[in-house]
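So you can see what is in the structure, the chains are spelled out below.
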Amino acid sequence: MGDFSFEPTGRIFKEREALLEEWTPDKLVGRDTELQQYHAALQPVIEGETPSNIFLYGKSGVGKTAATRFLLNRLENSAEDIDGLDLHTVEINCDGLNSSYQTAVALVNELRDPANQISNTGYPQASVYQFLFDEIDSLGGTILIVLDEVDHIQDDSLLYKLPRARSNGDISNARLGVVGISNDLSFRNQLSSKVRSSLCEKEVSFSAYDATELVQVLRQRESVAFHDNVLEDGVIEVCAAYGAKDSGDARKALDLLLESGDIAREENADVVIENHVTEARRRLQTDQVIEGISNYSQHGQLVLWALTLLEERGETPVRTREIREPYEVLCDREGYDPVSTRAVREYLAELETLGIISSTETNRGKSGGKFKEHELEQPISSVKAGLNELLGTSP
Ligand SMILES: Nc1ncnc2c1ncn2[C@@H]1O[C@H](COP(=O)(O)OP(=O)(O)OP(=O)(O)O)[C@@H](O)[C@H]1O
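Residues numbered from 1 in each chain as written. Predicted model: local features only at pLDDT ≥ 70, side-chain atom pairs only at ≥ 80, totals over all residues.

Peer 1: How should unusual backbone geometry be read in this particular structure?
Peer 2: Residue Pro-317 is bonded to the preceding Thr-316 through a cis peptide linkage, with omega at 0°. Locating Pro-317 in the fold gives a position in the loop between helix 12 (298-312) and strand 6 (318-319). For Asn-98, which is not a glycine, the phi torsion comes out positive at approximately 70°. Within the secondary structure, Asn-98 is located in the loop between strand 2 (87-93) and helix 3 (100-111). Look at Asn-98 and you get partly exposed, because 13 C-beta atoms sit within 10 Å. For Ser-247, which is not a glycine, the phi torsion comes out positive at approximately 60°. Looking at the element boundaries, Ser-247 is found in the loop between helix 9 (235-245) and helix 10 (250-266). (Helix = DSSP H or I, 4+ residues; strand = E, 2+ residues; numbered from the N terminus. Buried ≥ 20, exposed ≤ 12 C-beta atoms within 10 Å, placed from the backbone.)

Peer 1: Quick question: what am I supposed to make of helix 3 here?
Peer 2: At 3.6 residues per turn, the α-helix brings residues three or four places apart onto the same side. For helix 3, with twelve residues, the first-to-last C-alpha span of 16 Å sits near the 16 Å given by 1.5 Å per residue. Residues Ser-100, Tyr-101, Thr-103, Ala-104, Val-105, Leu-107 and Val-108 constitute the buried set of helix 3. Among the structural elements, strand 2, helix 4 (125-139), strand 3 (141-148) and helix 5 (157-161) are those in contact with the buried residues of helix 3. (Expected span 1.5 Å × (residues − 1). Contact = placed C-beta atoms within 7 Å.)

Peer 1: In this structure, what is going on with the site of the ligand? I would like to understand it.
Peer 2: In the vicinity of the ligand, 21 residues are found, and the nearest of them are Ser-60, Gly-63, Lys-64, Thr-65 and Ala-66. Listed by contribution, the elements that provide at least two residues to the shell around the ligand are helix 2 (64-80), helix 8 (211-225) and helix 10. Grouping the amino acids of the shell around the ligand by side-chain chemistry returns eight nonpolar, nine polar and four charged. Each of domain 1 (31-205) and domain 2 (210-291) accounts for three or more of the residues forming the shell around the ligand. (Near = placed C-beta within 6 Å. Nonpolar A, V, L, I, M, F, W, Y, C, P; charged D, E, K, R; others polar. Domains from an automatic or database assignment.)

Structure follows, in structure tokens:
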């Protein structure tokens, strides 16, 4: 090498794309219970009846979107063979839409032809809803509206209106069903009871993947993505075990397998071995730290640095005030005025939410009071690599 010219090697991957987010498998493995319930909830559609409103919930990466695409695809195919059944599905992601108003505008534009779109401002809310109901009625037939990441909609007016549009007489010519998807587990409970009862007529809960299910998911991709016998025994199992530990998220397990393959190719290896997985996990964890704290103020980064020093000395878990001392030393060295202890406490709380540190509360009763103790959740090496990249220097 040395001249940095590029040459295809064809090593390791047969079709690397199959490990990327966008790739949809034509068969979903490890989701039998969920698919059965979801299938049953969609059955009225194919019977020509009014669809039920369905609410799907479960943590990130447990196959809610994948299951929806898979089943709606099947449903559309089956519907084509049935006379008189005119099925339309509309899927939108509510991330970035934030209000009922904006979501309704997005739906109108999705249903209208490109020449006749409406803008995001300038209409009263009632008019936008009327546009939406008009579009739904003029399309007619059976319409399923999928609202992915529905918890991003801050107010519940659309979630109240849409599922009840038919019974409220807002539409008369179409049979409408709403499929809401959320990975915010508290979202459902926070809905007002009238919204909940209509939006969540049928509910399907998606459980986190266990290691056995993730092995199935990864094996399915192995045959498409990698050349034969490229993965050594144990590689899939290790990726699955990490995925199960990381909240049972298929996306994370797939990312880990992809990164492992990339590292093997980087090293000009012929096979992927467990060591590649270990290295891949370290890299991904470092990325997670960097992503988590890169938009953070310098002080948040210095607080993490201080905790990392304590962790390295084997002194963790430590109380907030014990972090203060090394934090102040670092501030001095880097030329910053330290922030208040209260601000330090807030940074620690944010670092915990990001999954970078873990904090446990201890209650010593009246005499000792309540206090929190902190330690790193991610490996020291990942945190150091992350800080190093952000601060240009490291503990
Ligand atoms: N059972 C499965 N079989 C094959 N691939 C799967 C399976 N479950 C999930 N995946 C893949 O894992 C990734 C994440 O899945 P998906 O997007 O469906 O998760 P989700 O539950 O909708 O989570 P989020 O709310 O974070 O989007 C996708 O790339 C998907 O193709």
